[in-house]
Amino acid sequence: QGASLCSSFTIARLSRLQSELSSEVSGPGRMPEENSPDDSRHLLILYGSQTGTAQAAAEDFARDVRRRHIKHTVRSLDSFDITKLHKQTYVVFFISTTGQGDPPENMRRSWTHLLRKDLSASWLKQTNFTVFGLGDRRYVQFNFAARKLWRRLEQLGASSFYRLGLGDDMHDFGYEGEFDPWVEGLLGRLLEIWPLPEGKEVLGEDHPFPRRYKVEVVKEGEGSVDAQGSGDVLRLTRPSDRKGGKGIEALGGPVWSPFPFMAAGATEGGRGGSKSTTPGVPPVVYGRVEENEHLAAPGHSQDCRRLRISTPPSAGAFVPGDVAVIRPAVSVHKTLRFLVSLNLHPATVVQISENPEAAQDDGKAEGVASESSPFPSEPLTLFELCRHFVDSEAVPTRWFFRFLSFYCDDQMQKEKLEEMSSKTLEGKDLFYEYCKQERRSCAEVLWDFPASRPPLEVLLEALPPILPRKYSVCSAPMWTQSEAWRELHRMRLEAAGIGGVETVKGTPPCALSLWRQSRLPPAVLASKKVKGGTEGTNGKHVASSSSSSASFEICVGIVKYKTRLQREIKGLASDFLSELKVGDFVPVSMEASLTFEVFPPAVATRRVIPRQQMGGLQWTLPRHVSLREGGGGVTVSGEFLASTATPLILICPGTGLAPCRALIQERHWLLSLRTPMGSRVEKRPRDLVFLGFRHRSKDFLFEGEWPEEDADVSTSSVSKQSSSEYAGWLSARIAFSRDDTERKVYVQDKLEEAAEEVTDLLLNHGACIGVCGRAHPMPSQVRDIIVEILEKHAKPNGMSKENARAYLNELVRRRRYIEDTWG
């Protein structure tokens, strides 16, 4: 019996050891079948990418897979029918993380499906997978989306055939520090599963695979053009020079579109379009620039702008926390310089189409739809192509250098390109010193290596696309609407027993302060002509304003700095937005914010509003409110108004104040609904907002709006206990980090000073906390400070550190502590 027990024990140990050795090779779970038949040599590569980095990693990996004769398909998660995932044998995921550990936008629909409770634990029993995550360890939720996906796939019965990879942007070599060894090991694992076909070998990186795009020259450009724009290049985008120019909806109806992707009938499948193909998603429309104001003092190192943009009704409603999606363009000068350096004429008209040979080389997978071309189906000029579609100003990847080396005639330049694209430590050091640290663009690399001139179809595959930029809206929808304030004024008069009072159209209600009147739009004009040329680059438009148009504001910090070698760098979107003039039109759409969707908690209600009042109140209706016509008026049901009873603690240094400013404006308007005529808007306990800037005199954004309680009258342009309209319900604590020569003061310090108030709002009044701004190091420091505050000031004897952290984690789980950060 002892021998039997010993034998059983030995067998168990050997079995466990064998399992552990297998896990080192293929990860936990079932070992996949080896030497699969040729018809099953297919790998599905799916990515979830927010800024394009995960997509670039997936495509980089796909090139290595292709050279090993493995059929494959590369798609974003939401372009794949996730209900067919159980029919896939081998899948590799590349996943980035956004927000508070949230998945990227182009995988949220798939992730929602994977979380369904009716999916069985054996649904993916035939599926083998691995995951590579892209993250930044400065974030609290480092690679959270990738790790959550890994766990969920295992819960659904899938087996990992290779280890989890976690890329870190803070690595000396970026995410590639982990990516390179992870890919090398994964490729070896794939060759164990699918050995090379007989007589085949791994193809070289310079193997001439069919290119994805075909470029046909429709009409050669004529005339001489230099990089300074002589030859009237701006005329290239006028309607008389492009046949088939179509209109889109602007404020006054159809206008000719200088943006090729904005032509009528274009879809969101390309770089945007005037019609949305996704239900519930607002379309891309023209927004008209009404203001482009400098917020910082002249000469200050950090330029900051407030842009007010008006949009037509079809742009869709927005609420505080939503983001404006702007589609920038490369400047005219840089576009011309790029084309001239490549000996390409800006006026040359080309037709771009998918290459069917390249498409046939791609593997077939059930649930995978054909991918639409990112370029328009109509012919366009090279000037339009390089200004609106391909981002020559982006920092290139290593693969871009490898591409250039294939078409380089000079041996010395070719060796240098090959060295910078290699995976050796020396090559990586050279690449990061030359490219990453100095933020050299694709265009600058081409100028530095003039012996490399790839054909256009190769460049289209190598250059990244111009991605939309997202900016938090910093104004509430009703704030700049005269109609909403007039309706509020009329309702106040009725509440006071004064009826039949009408306000004159085009003038603000008399109850508003001069400060508020200055922010109302001007009187409506029947039409207004907007000229391009020297005033702008948008051609000639005719647009009419109307009372049905809405407007929003964004607060933008212009990215402009000098590198270690004193090279001036300016961001693509910053360059685009800073040059916009009043009257210019901008492609824009509104997007809901998942972070602010339920912050603060809303009040579920059902009320009937007379039809004549809807003109003013329509600006306060969130997207998820239902309207139903009835005999007595319009019945509004759902979460109608955000709760003003829940106190807020907002921490938002710098331009992080944008979504908080919109939230504050909305709360002030809602509180005004129940404030008697002539009385100050008040609420107890008051909300707290913590703002942070460098200098009071140089970059104090929206200075006159904040009710300071600790302002130094001798250095402030406002009196103590500011005359701000918010003073009755909001208290602002403002830190200026560079004004005190003895010590730097940040929002974290102001939080400590208000420790007792913060503790009271959290523990006695159920306050919500919102943190907005750069991702590092402020958010993590704010959490630590709040934990310390609860340790010291929670009554009667404070909290333990463990309980304080558990309390904050519970607030995060209930979405009562949110972080809207970038960085």
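Position labels on residues start from 1 in each chain and follow its written sequence. Restriction of local features to residues with pLDDT of at least 70 applies here, the model being predicted, together with a cutoff of 80 or more for giving and counting side-chain atom pairs; totals for whole chains, interfaces and linings are based on all residues. Just so you know, side-chain values use all the structure's heavy atoms and leave hydrogens and water out.

J.: Explain the overall build of the protein chain residue by residue, including any values.
T.: Within the protein chain one finds 23 helices and 29 strands. Think of it in three bands: with a 1.4 Å probe and only protein chains considered, a residue is buried below 20% of the maximum accessible area for its type, exposed above 50%, and partly exposed in between. Sorting the 823 residues of the protein chain into buried and exposed places 51% on the buried side. Whether two residues are in contact is decided by their heavy atoms, any of which lying within 4.5 Å being enough. Taking all contacts inside the protein chain whose residues are at least 6 apart in sequence as the whole, residues at least 24 apart take part in 76%. The Shrake-Rupley method, run with a 1.4 Å probe sphere, supplies the accessible areas, and residue values consider only the shown protein chains as cover. Accessible surface for the protein chain amounts to roughly 37400 Å². Of this, 50% is attributable to carbon and sulfur atoms. The secondary structure listing takes helices from DSSP runs of H or I that are at least 4 residues long and strands from runs of E that are at least 2 residues long, numbered from the N terminus.

J.: So, the packing of helix H22 (residues 778-793) against helix H23 (residues 801-813): which residues are in play, and what are the values?
T.: Relative to each other, H22 and H23 sit at 125°, their axes nearing to 9 Å. It follows from the interaxial angle that H22 and H23 lie oblique. Relative to H23, the crossing made by H22 is right-handed. Along its contact with H22, which presents Arg-783, Asp-784, Ile-786, Val-787, Leu-790 and Glu-791, the element H23 presents Lys-801, Ala-804, Arg-805, Tyr-807, Leu-808, Asn-809 and Val-812. Think of each axis as a best-fit line through the C-alpha atoms, taken over the contacting stretch in the case of a helix, with angles from 0 to 180 degrees between the N-to-C directions. Throughout this description, any angle smaller than 35 degrees is read as roughly parallel, any larger than 145 degrees as roughly antiparallel, any in the 65 to 115 degree range as roughly perpendicular, and the remainder as oblique. In this scheme the crossing of two helices becomes right-handed for a clockwise turn of the near helix relative to the far one and left-handed for an anticlockwise turn of less than a right angle.

J.: Requested: an account of the packing of helix H2 (residues 53-66) against helix H5 (residues 176-193), with residues and values cited.
T.: Where H2 contacts H5, the two axes come as close as 11 Å, and the packing angle between them is 40°. Handedness of the H2/H5 crossing: right-handed. Together, Ala-57, Asp-60, Phe-61, Asp-64 and Val-65 of H2 and Phe-179, Val-183, Leu-186, Leu-187 and Leu-190 of H5 make up the contact between the two elements. Here the contact of H2 with H5 is built from residues that sort into eight nonpolar, no polar and two charged. Note on residue classes: Ala, Val, Leu, Ile, Met, Phe, Trp, Tyr, Cys and Pro are nonpolar, Asp, Glu, Lys and Arg are charged, and everything else, Gly too, is polar.

J.: Go over the nonpolar core with me, naming the residues and quoting the values.
T.: The definition of a nonpolar core used throughout is a set of buried Ala, Val, Leu, Ile, Met, Phe, Trp, Tyr and Cys residues joined through side-chain atoms within 4.5 Å. In terms of nonpolar packing, the biggest core is built from 38 residues, with Ile-352, Phe-375, Leu-385, Phe-400, Phe-401 and Leu-460 touching the most fellow members. Listing elements by their share of this core, those giving two or more residues are helix H6 (332-341), strand S13 (349-354), helix H8 (382-388), helix H9 (398-406), helix H10 (411-420), helix H11 (425-436), helix H12 (442-448) and helix H13 (456-462). For Phe-375, the residues in contact, after removing those within four places along its chain, are Tyr-213, Ile-352, Leu-385, Phe-389, Val-390 and Leu-460. In terms of nonpolar packing, the next biggest core, distinct from the first, is built from 34 residues, Met-478, Leu-648, Ala-658 and Trp-706 among them.

J.: Kindly report on the side chain of Glu-819, identifying the contributing residues and their values.
T.: With respect to the helices and strands, Glu-819 occurs in strand S29 (residues 817-822). We define a polar contact as two N or O atoms separated by no more than 3.5 Å, with the added condition that, inside protein, one atom must be a possible hydrogen donor and the other a possible acceptor, whereas residues neighbouring each other in sequence contribute only through side-chain atom pairs. Among the polar contacts made by the side chain of Glu-819, one reaches the side chain of Arg-783 at a distance of 3.1 Å.

J.: Explain the pattern of salt bridges to me, using residue names and the numbers behind them.
T.: For this document, the term salt bridge refers to a Lys or Arg side-chain nitrogen within 4 Å of an Asp or Glu carboxyl oxygen. Per the counting criterion, the structure on display carries 41 salt bridges. The partner of Arg-567 in a salt bridge is Glu-444, with the nearest N and O atoms 2.6 Å apart. Residue Arg-567 is located in the loop between strand S19 (560-562) and strand S20 (568-570), and its partner Glu-444 is located in helix H12; the two are separated by 123 residues in the primary sequence. What makes Arg-567 buried here is its relative accessible area of 17%. In this structure Glu-444 comes out as partly exposed when scored by relative accessible area, which is 22%. For Glu-819, the salt bridge identified is with Arg-783, shortest N-O distance 3.1 Å. Of this pair, Glu-819 sits in strand S29 while Arg-783 sits in helix H22, placing them 36 residues apart in sequence.

J.: Outline the environment of Trp-479, supporting the account with residue identities and numerical values.
T.: One can find Trp-479 in the loop between strand S15 (469-472) and helix H14 (482-495). Trp-479 sits 189 residues away from His-668 along the chain, and the two C-alpha atoms are 9.5 Å apart.

J.: So what's going on with the state of the cysteines? Residues and values would help.
T.: Disulfide assignment relies on a single distance test, namely cysteine sulfur atoms paired within 2.5 Å. In total, this model carries zero disulfides according to the counting rule given. Of all cysteine sulfurs, the one in Cys-442 lies closest to Cys-435, which takes part in no disulfide; the gap is 7.7 Å.

J.: So what about H23? Which residues, and what values?
T.: Helices are assigned an expected span. That span is 1.5 Å times one less than the residue count. Here H23 is 13 residues long and its end C-alpha atoms lie 18 Å apart, about the 18 Å a rise of 1.5 Å per residue gives. Every buried residue belonging to H23 is among Ala-804, Leu-808, Leu-811 and Val-812, and all of these are buried. Viewed along the axis of H23, the buried residues span an arc of 105°, placing them on a single side of the element. Away from its buried face, by an angle of more than 90 degrees, H23 presents the exposed residues Glu-802 and Arg-813. Of the surrounding elements, those touching the buried residues of H23 are helix H21 (755-765), H22 and S29. Among the residues trailing H23, Arg-815 stands out with phi positive, at a value near 60°. Arc definition: directions from the helix axis to the C-beta atoms.

J.: So what about the sheet that holds strand S11 (residues 304-311)? Which residues, and what values?
T.: A strand pair is defined by DSSP finding two or more bridges across the two strands. Reading across from one edge, S15-S12-S21-S10-S11-S18 is the order of the six strands in this open sheet, with antiparallel pairing throughout. The open sheet terminates on both sides in strands that have one partner only, identified here as S15 and strand S18 (550-557). Strand-to-strand twist in this sheet, taken as the mean axis angle between neighbours without regard to direction, amounts to 40°. Across four bridges, the pairing between strand S12 (residues 323-326) and strand S21 (residues 585-591) is antiparallel. Its bridge partner lying in S21, Ile-326 is registered against Val-588.

J.: I'd like a description of unusual backbone geometry, backed by residues and values.
T.: With an omega of -5°, the peptide bond between Arg-684 and Pro-685 qualifies as cis. Note that Pro-685 resides in the loop between helix H18 (657-672) and strand S26 (687-693).

J.: Mind laying out H9, listing which residues take part and the relevant values?
T.: A large share of H9 lies buried, amounting to eight of its nine residues. Where H9 is concerned, the buried positions are Arg-398, Trp-399, Phe-400, Phe-401, Arg-402, Phe-403, Leu-404 and Ser-405. Buried residues along H9 sit against H2, H5, H10, H11, H12 and H13.

J.: Report on the confidence of the model for the protein chain, specifying residues and quantitative values.
T.: Every residue gets a pLDDT, meaning the predictor's confidence in that residue, from 0 to 100. Here the protein chain averages 76 in pLDDT, and 70% of its residues register 70 or above. Ignoring residues within four places in sequence, the model shows residues 1-39, a span with pLDDT below 50, making 42 contacts including any to other chains. Low confidence marks residues 229-257, where pLDDT is under 50. Its contacts with residues over four positions away, or in another chain, come to 69 contacts.

J.: Summarise the packing of aromatic side chains; cite the residues concerned and give the values.
T.: Pairs were defined over the aromatic rings of Phe, Tyr and Trp, the Trp ring being its six-membered one, requiring ring centres within 6.5 Å. Orientation was assigned from the angle between planes: stacked under 30 degrees, edge-to-face over 60, tilted for the rest. Counting across every chain of the model gives 27 aromatic pairs. Taking 5.0 Å as the distance between ring centres and 50° as the angle between the ring planes, the aromatic pair formed by Phe-132 and Trp-182 counts as tilted. Of the two residues, Phe-132 sits in strand S4 (residues 128-135) while Trp-182 sits in helix H5, which places them 50 residues apart along the sequence. What makes Trp-182 buried here is its relative accessible area of 0%. Pairing Phe-700 with Phe-736 gives two aromatic rings, centres 5.2 Å apart and planes at 80°, and the pair type is edge-to-face. With Phe-700 in the loop between helix H19 (696-699) and strand S27 (730-736) and Phe-736 in strand S27, this pair connects stretches of sequence that are 36 residues apart. Per residue, the accessibility class of Phe-700 equals that of Phe-736, and both read buried. Taking the ring centre of Trp-447 as reference, the NZ or CZ of Arg-337 above it sits at 3.7 Å. Definition used: whenever NZ (Lys) or CZ (Arg) falls within 6 Å of the ring centre and also within 35 degrees of the ring normal, the charge is taken to sit over that ring. When the ring centre of Phe-702 is taken as origin, the NZ or CZ atom of Arg-661, which lies over that ring, is 3.9 Å away.

J.: I'd like to hear about the side chain of Gln-748, residue by residue, with values.
T.: Tracing the backbone through its elements, the reader meets Gln-748 in helix H20 (residues 747-753). Using a relative accessible area of 11% as the deciding quantity, one classes Gln-748 as buried. A polar side-chain atom of Gln-748 sits 2.4 Å from a polar atom in the side chain of Gln-781. Contact partners of Gln-748, with chain neighbours within four places excluded, come to Met-778, Gln-781, Val-782 and Ile-785.

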